[in-house]
Amino acid sequence: MKSITLRQLRDTKQVKTWLRAGVHIEVRERDEVIGDLVPRTPPKPPVEWPDFEARRRAIFGDRVLNVVDDLIREREESRY
């Protein structure tokens, strides 16, 4: 975290460089923090998720897979 005084704040070129680099800046007056300059994070684009339902239909068709039932049955059989 960088720290600047009010007088140094006039050097906007340096401040803009730090903010574009993602640096959090403390503004001080006589060694007392009076404010913060926080860089704004760019908005993230929405995530495009694949169509899992269409993939499942393409692979398995209309079959109903009872995977959970099979797993429970296998675990019960392996206990004994």
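In the block above lies the structure referred to throughout.
Residues numbered from 1 in each chain as written. Predicted model: local features only at pLDDT ≥ 70, side-chain atom pairs only at ≥ 80, totals over all residues. Heavy atoms only, no water.

A.B. asks: Any chance you could explain the overall build of the chain here in plain terms?
C.D. replies: Scanning the chain for helices and strands turns up three helices and three strands. For the chain, the α and β elements follow one another from N to C terminus as β-α-β-β-α-α. The globule rule puts the C-alpha radius of gyration for 80 residues at 12 Å, and the 29 Å found for the chain is more than 25% above it. Its C-alpha atoms give the chain principal-axis dimensions of roughly 75 × 35 × 15 Å. Looking at the 80 residues of the chain, the share that counts as buried comes to 9%. Once local pairs closer than 6 in sequence are excluded, the contacts in the chain between residues at least 24 apart make up 12%. For the chain, the accessible area works out to roughly 7800 Å², and carbon and sulfur atoms hold 52% of it. Considering the chain, the positive charge centre built from 17 side chains and the negative charge centre built from 15 side chains are found 11 Å apart. (Helix = DSSP H or I, 4+ residues; strand = E, 2+ residues; numbered from the N terminus. Rg over C-alpha atoms; globule rule 2.2 N^0.38 Å. Buried < 20%, exposed > 50% of the residue type's maximum accessible area, 1.4 Å probe, protein only. Contact = heavy atoms within 4.5 Å. Areas by Shrake-Rupley, 256 points an atom, 1.4 Å probe, with all protein chains shown as cover. Lys, Arg positive; Asp, Glu negative; His and termini not counted. Charge placed at Lys NZ, Arg CZ, Asp CG, Glu CD.)

A.B. asks: Whenever I open this one, helix H3 (residues 67-79) confuses me. Can you help?
C.D. replies: Note that an α-helix has 3.6 residues per turn; residues three or four places apart therefore point the same way. For H3, with 13 residues, the first-to-last C-alpha span of 19 Å sits near the 18 Å given by 1.5 Å per residue. Counted residue by residue, H3 has zero buried out of 13 residues, so it is predominantly exposed. (Expected span 1.5 Å × (residues − 1).)

A.B. asks: Just checking my understanding: could you explain unusual backbone geometry for this structure?
C.D. replies: Excluding glycine, a negative phi dihedral is what most residues carry, and trans is how most peptide bonds are arranged. The phi dihedral of Arg30 falls on the positive side, at around 55°, and the residue is not glycine. Among the secondary structure elements, Arg30 is positioned in the loop between strand S2 (25-29) and strand S3 (32-37). With a phi close to 60°, Asp31 is a non-glycine residue in the positive phi region. In this fold, Asp31 is placed in the loop between S2 and S3.

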